[in-house]
Amino acid sequence: MGRYIIRRVLFAIPTLIVISFVIFAILDLAPGDPTASLPLTIPPEVREKIREALGFNDPFLVSWLKWLYQMMIVEPIYLIEQMFNITIGDSENRVRIISWSSKAPVVDTIIERIPQTLWVLGLAFILGIMIAIPVGVISAYKQYSVFDNVGTFVTMVGYSVPTFFTGLLAIVIFSVWLGWFPSFYDTTLVVNSWETLVLQFKQMIMPVAVLALFNAAALSRFTRSSMLDNLNEDYVRTARSKGLNENKVLVTHVLRNSLIPVVTLIALQIPGVFAGAIITEQIFRINGLGQLLISAIQGADVPMVQTLTFLFAVLIVIFNLVADVTYGLLDPRIRYE
Amino acid sequence: MKRTKWLALFAVLALVLAACGDGDDGAADTTEAGAPATTEGPTATTEAPDTGGTAGQGGQLTLLQWQAPSTLNPLLSGGTKELLAASLILDPLAEYDPDGNLVATLAAEIPTVENGGVAEDLMSITWTLKDGVLWSDGSAFTADDVVFTWEYCTNTPDCTQSGFFTGVASVEAVDATHVLVTFDALTPFPYNAFVTFQSPIIQRAQFAECVGASAAACTDENFGPIGTGAYMVNDFKVNDTVLYDYNPNFRGAADGKPFFGTVLIKGGGDAEASARSVLVLGEADYGWNLQVDPIVLADMEATGLGIVKAGFASSVERIMVNQTDPNPDLGDQRSEPGTVHPFLTDPAVYQALSMAINRQELVDVGYGFAGSPTCNVWPGAPYASTANDACLTQDIDGANALLDAAGYEDTDGDGIRETADGTPLFILYQTSTNAVRQSNQDLVKSYWAQIGVDTELKNIDASVFFGGDQASPDTYQVFYADVEMYTNNSGSPDPQTYMSNWTTAQVISPSTNFGGGNIPRYSSAEYDALHEELTTTGDLDRRIEIVKELNDLVIQAGAMIPLIYRADVSAFANSIQGVGTLNGWDSEYWNVEDWTRSE
Amino acid sequence: MATTRERVEETQDHTIESSEKYRSLWSDVWRQFRRHKGAMVGLILLTVIMFGSFIGPLIYPLDPFAIDTSQASLSPSLDHPMGTDNLGRDVMARVMVGGRISLSVGIAAMVIGVVIGTAVGIISGFFSKLDGILMRGTDMFLALPILPLLLVIIMLFRDPLREAFGPELGIFILVVTIIGVTSWMQTARVVRGDVLALKEQEFVLAAHSIGSRKRSVVFRHIFPNVLSPVMVAAALGVAIAIITESALSFLGLGFPSDFPTWGRLLFDAQGYITITPMRVLWPGILISLTVISVNFIGDGLRDALDPKLRSQ
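Small disclaimer: the values here were computed from a predicted structure and weren't measured.

## Considerations on the overall build of chain C
Alright, step 1. Scanning chain C for helices and strands turns up 14 helices and 0 strands.
Alright, step 2. Along its sequence from the N terminus, chain C presents helices and strands in the succession α-α-α-α-α-α-α-α-α-α-α-α-α-α.
Alright, step 3. Counting all 312 residues of chain C, 46% fall into the buried class.
Alright, step 4. Residue pairs at least 24 apart in sequence account for 70% of intrachain contacts in chain C once pairs closer than 6 positions are excluded.

## Re the interface of chain B and chain C
How large an interface is tends to be reported as the accessible area lost when its parts come together.
Alright, step 1. Taken together, the contacts link 22 residues of chain B with 17 residues of chain C.
Alright, step 2. Mapped onto the side of chain B that touches chain C, the elements with two or more residues apiece are helix H8 (294-301), helix H10 (359-366), helix H12 (435-449) and strand S14 (454-460) of chain B.
Alright, step 3. When residues of the side of chain B that touches chain C are assigned to their parent elements, the largest contribution, 6 residues, is made by H12(B).
Alright, step 4. A per-class count over the side of chain B that touches chain C returns 9 nonpolar, 5 polar and 8 charged.

## Regarding the packing of helix H5 (residues 146-160) of chain A against helix H7 (residues 194-231) of chain A
A pair of packed helices can be characterised by two numbers: the angle between their axes and the separation between those axes.
All names here are of chain A.
Alright, step 1. At their nearest, the axes of H5 and H7 sit 8 Å apart, and the two run at 125° to each other. As the angle between them shows, H5 and H7 are arranged oblique. In the packing of H5 onto H7, the handedness of the crossing is left-handed. Two secondary-structure elements touch here, H5 through Thr155, Gly158 and Tyr159 and H7 through Leu213, Phe214, Ala216, Ala217, Ala218, Ser220 and Arg221.
Alright, step 2. Its residues assigned to classes, the contact of H5 with H7 shows 6 nonpolar, 3 polar and 1 charged.

## Structural notes on the sheet that holds strand S6 (residues 178-183) of chain B
All names here are of chain B.
Alright, step 1. Spatial ordering of the open sheet is given by S4-S6-S5, a layout of 3 strands whose pairing is antiparallel. The open sheet has two edge strands with one neighbour each: strand S4 (124-128) and strand S5 (168-175). Averaged over all pairs of adjacent strands, the angle between their axes in this sheet comes to 20°, without regard to strand direction.
Alright, step 2. Docked against the sheet, helix H4 (residues 143-155) engages S5 and S6, running at close to 165° with respect to S5.

## Observations regarding helix H4 (residues 106-141) of chain A
Alright, step 1. Taking 1.5 Å of rise per residue, 36 residues should cover 52 Å, and H4(A) covers 50 Å from first to last C-alpha, within 8% of that figure.
Alright, step 2. Maximal helix bending in H4(A) amounts to about 35°, located at A:Ile114; proline A:Pro115 follows within four positions.

## Comments concerning unusual backbone geometry
For residues that are not glycine, phi is negative in most cases, and the peptide bond is trans in most cases.
All names here are of chain B.
Alright, step 1. The omega angle of the peptide bond from Lys257 to Pro258 is -5°, so this bond is cis rather than trans.
Alright, step 2. Notably, Phe194 is not glycine yet its phi reads approximately 65°, a positive angle.
Alright, step 3. Mapped onto the elements of the fold, Phe194 is located in the loop between S6 and helix H5 (204-207).
Alright, step 4. For Phe194, a count of 26 C-beta atoms within 10 Å gives the class buried.
Alright, step 5. Positive phi, normally seen in glycine, also occurs at Phe479, with a value near 55°.
Alright, step 6. Looking at where Phe479 falls in the secondary structure, it is placed in the loop between helix H13 (462-465) and strand S15 (483-488).

## Side note on the environment of C:Met140
Alright, step 1. Take C:Met140: it is sitting in helix H6 (residues 128-143).
Alright, step 2. Assessed through the 18 C-beta atoms surrounding it within 10 Å, C:Met140 is described here as partly exposed.
Alright, step 3. On a C-alpha basis, the gap between C:Met140 and C:Thr118 in space is 17 Å, while along the polypeptide they are 22 residues apart.
Alright, step 4. Contact partners of C:Met140, with chain neighbours within four places excluded, come to A:Thr15, A:Val18 and A:Ile19.

## Description of the pairing of S15(B)
Side-chain direction in a regular strand flips from residue to residue, so the side chains alternate between the two faces of the sheet.
Residue and element names in this part refer to chain B.
Alright, step 1. Most of S15 is tucked away: 5 of the 6 residues are buried.
Alright, step 2. Relative to S15, strand S13 (residues 426-432) is paired through 3 bridges, and the arrangement is parallel. Counterpart to Tyr429 in the pairing with S15 is Val483.

## Some points on the confidence of the model for chain C
All names here are of chain C.
Alright, step 1. On average, residues of chain C carry a pLDDT of 80, and 86% of them reach 70 or more.
Alright, step 2. Low pLDDT, under 50, characterises residues 1-20; the stretch is placed with 6 contacts to residues that sit more than four places away or in other chains.
Alright, step 3. Prediction confidence for the complex, expressed as pTM and ipTM, is 0.80 and 0.79 respectively.

## Points about the environment of C:Leu301
Residue and element names in this part refer to chain C.
Alright, step 1. In this fold, Leu301 is placed in helix H13 (residues 277-305).
Alright, step 2. For the pair Leu301 and Val29, spaced 272 residues apart in sequence, the C-alpha to C-alpha distance is 7.9 Å.
Alright, step 3. Every residue in contact with Leu301, bar those within four places of it in the chain, is listed here: Phe33, Met231, Val232 and Ala235.

## Some thoughts on the pairing of strand S7 (residues 231-237) of chain B
All names here are of chain B.
Alright, step 1. The buried fraction of S7 amounts to 6 of the 7 residues, a majority that puts the element mostly inside the structure.
Alright, step 2. As paired elements, S7 and strand S8 (residues 241-246) share 6 bridges and run antiparallel to each other. Following the sheet pairing, Lys237 is matched in S8 by Thr241.
Alright, step 3. Hairpin connection from S7 to S8: 3 residues lie between these consecutive antiparallel strands, with Asn239 at a positive phi of about 55°.

## Re the packing of helix H1 (residues 2-29) of chain A against helix H3 (residues 60-84) of chain A
Residue and element names in this part refer to chain A.
Alright, step 1. Remark: H1 packs on H3, axes separated minimally by 11 Å, with the N-to-C direction vectors making an angle of 135°. Our classification of the angle between H1 and H3 gives oblique. You can see that H1 and H3 cross each other, and the crossing is right-handed. Within the contact between the two elements, H1 uses Ser20, Phe21, Phe24 and Asp28 and H3 uses Phe60, Trp64, Trp67 and Leu68.
Alright, step 2. For the contact of H1 with H3, the per-class residue count stands at 6 nonpolar, 1 polar and 1 charged.

Conventions adopted
Chains are numbered independently. Their residues run from 1 in the order of the written sequence. To read the labels, note that chains go from A and ligands from 1, taken in the order they are written. The predicted nature of this model means local features are confined to residues of pLDDT at least 70 and side-chain atom pairs, given and counted, to a pLDDT of 80 or more, with totals for whole chains, interfaces and linings taken over all residues. Helix and strand definitions here come from DSSP, where helices need a minimum of 4 consecutive H or I residues and strands a minimum of 2 consecutive E residues; each element is numbered from the N-terminal end. With C-beta atoms placed from the backbone, the exposure class of a residue follows from how many other C-beta atoms lie within 10 Å of its own: 20 or more, buried; 12 or fewer, exposed; in between, partly exposed. Remark: residues whose backbone-derived C-beta atoms lie within 7 Å of one another are considered to be in contact. Asp, Glu, Lys and Arg are counted as charged, while Ala, Val, Leu, Ile, Met, Phe, Trp, Tyr, Cys and Pro are counted as nonpolar; the rest, among them Gly, fall into the polar class. The angle between two axes is taken between their N-to-C directions and runs from 0 to 180 degrees, where each axis is a line fitted to C-alpha atoms and a helix contributes only its stretch in contact. Each angle receives one of four descriptions, namely roughly parallel if under 35 degrees, roughly antiparallel if over 145, roughly perpendicular if within 65 to 115, and oblique otherwise. Crossings are classed by handedness, with left-handed meaning an anticlockwise turn of the near helix from the far one by less than a right angle and right-handed meaning a clockwise turn. Any two strands between which DSSP finds at least two bridges are classified as paired. Expected helix span is computed as 1.5 Å times (number of residues minus one). The angle separating two fitted axes, one through the seven residues that finish at a residue and one through the seven that start at it, defines the bend at that residue. A residue's pLDDT is simply how confident the predictor is in it, with values from 0 to 100.

Rendered as structure tokens:
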């Protein structure tokens, strides 16, 4: 097991380097220009000077290697320094990854955006799991019952209707017509009292509900089919024939085994949830990571796009690994060589 | 099943949650680092000394800028969104009011030849500074800071506003309150450097270490400049929000200015959402740059919570007419000066094209009260010409008659006219991708179809179209099309620089690396001579006369077809008072210290 | 349990039936598929939507591109059953044309994804030498952050392809290829798993032992047996492609504004939701209905193709 994990981690590193190269190559070919958003009144000579200063005209390999060095070495060192309040080596002169549009370190901006993204995504994800598992379990146990039929239909709808459509409807109904919830997400809100908690709740409820519904739908379908597979297994029949009571059969045997693939799926879904944030944040005007990415793409802010997409890739690799390892830990039948 | 395995699962979950927690802490750290003004300046609003009057007692003012600022150093970003956000903090020596008149800000008065501020030979200008102006950190504002601003911008390659110092030979501090700006050449209009929100003064003490290549690395300074304006930065989140506290050292504090204690600039969403937020939901006090379909805006305004204001300056949506030949068969001679367009330089053709357009309909569909039809490059008083106003009325029959008379007949019966040598009147019409532009494009295509001109529409992503990438064939400068549509404007109410965009020297070609502002490649000795005269004329009446003549020359030569005089559009909540006319020439927040709230 | 008893009876019915007449695999699958109510409703709905999108514009008299500002933003009426947009274009005509594009994108992208996925799956399952490298490649593709990359790639290649193939075809090729090329990985994994299992089965070993060439083993024995997961993947692929296309268009980064797809129509109509709500509702409802139908069909297919379930 240990060796397996080490091997996977070692393989992940070249994978990520190749991915970062692919992303960088694509960005380098992209026709965008960081000075495009400046007013036309700024003369072309000044624009050329700005591009020069940004390193926009640097050769591709040079800027990629520079970025790689900054991403792999400079930024982690900086984060460690910040975390433990220490100084490592020549930290004054280390150049961090700088955004072309804000001229500020990219990683700082990303860290600034994490709380709102996590608040919404995390809550929606947890809520989704909390709805999905009971619904899936009951649906499977009472297969073909009214609950199952309604549940199957509702989850199918929740899974199929795109979040940008449900989100749009939610905004029109609850913000514009009823006026219950704000149409903007206020990132400056500090939760320190009962009222601010209510405000925070109000501004989160729509995106969280829309996302949770979507997450719950996919997961409960999966839970249901996993439960069904196990309910037909011989060990269940054996347990029942031994005279165990039904609850015990269900909870200690079927549920436990059925949840193994579900847990894996949950881990695999996490990166996808982050990608889904791009759309949700756009609809609900949450200035989180997804919104940061979109605005960076529009502004041709290459260092920001590069770093963000790379972090998405890192998330995917990590959670794939987590999924594989938990699967091995939870299911004694799976053994890695 | 062993319990440990479940524990492992929870450990994983806990790790994820811990990661979330770390994220929170990290964010708090960087926030503090990013806003040094909070710790260095006089701290929280409540603790600030009562400076008399009622300064800062008006609560919070919420401004929506759907494109949020990415930095607060206006000298490192030419984007309006950053300039606006910085204009609450930093001041220039003088700014423009909504009518385009100069108003002294940090200067005691506007220097003129009459009051001796501008030298008789028009080679220098001396600014006298207001007495007793303090930076928000309490130190004194002096002539030295003005000099430093010039040094900073001219020595920093990233400085986007270096254009404001073109032609400036030197800036010297005569004494603590006098600044002498000397020019390279005769400068009849000396009010560029240190004027408007695009050329504000920064503090030497703060930025002294940030000159040159290190400018971009000075994140703390760029995100929290110390200024002389009504507000100072409390918290800045890149591309998201800016929170300001009022500046107790502000020069108007004794008069109870500014009224609002804090200002929040909030970004995100789009123009339509901002408009809805201000006009329908009452969530904010101001919404910036509302390029929204006029029907939608009018519908929102009908709710009664706020009003929409338009600020006109010099922006004109125009169709640029390529004077050179964009035919791809020409290879690298394509759209180069020296080639001649097969039919667009014929007066009959470009006049017919202009006559066929129903400008009012274009306005109604895309702009509403944010635009009005125009036939001029310079549509604003006092420089606006009236010689071309015939174009305001659509005249399809007249246009057809003109083309008939010039010999453009439809010889092969396909509904498209041909030139004498059989080239069909086919026009490739490009613009940036934007719903309003596409709807106008569609309309113009339908007008031109009625006069036997065939049009292919093309739209290019704005970041490419307006990007200066020399390798791209799709930028507006390269102009590989017959006509193209976009908006341009003058940075200053004085037209001299702007009108130089049609001189021969500005014609775009490979030798200038596609630099230069003469997009249609229009070239006329008469125009060049007249513009030369403008650069040496000090007399205002004569200047107005010349600008009108220049305007008529370029229009009547068919180098461009002006369509719409465009305004900036913003929405205000009804409770906000003291805004006056929306300022199209300078920062829309130029008089924010006078804004108040009434219930 | 009652259900169990019913099932037993059903099984007996089957046995009697099957002894009466010969049943081919596909008629069997169809019989099972017909029992799935959701799948049947989905199939009917999808047929109606496809008919409306592909045949509808031929019958419907109004031009989706004709601008008439005097008819702008009308509510639904007999002349304009779904109203008009802000330029006076008929919404119903645009929704039908939009459906044609959205569905074509869905189907074309699915075909690309499924062909690549099946090919990679079969090759890496059957030829163990290539397995390692192909599966590492698949893992790599799985680790690519698809949505952000799609956004970047579309910005990048939109104009060159537009130039080369004309505005309509250029963008179509771009969107279809990108969605197809980035959605084959799951199919490849599933197919590979099935092939690995099939390879060890007697009939394949027998085919090898009588000297069948590898190509004929793959095409005559392996391929027909992986068809069922491929068909399920195909159904789900259509749904995913339609959602991805509309999400891209909804972000304003897919098809341009002169090119109506359901996603683009929804994006353009957002601002008018309080004035002409039908403009938002119809494209949204149609995207949702299509995806629901396709997903139900996928469910039905999975059940029908699963021999374990079929025998019940």
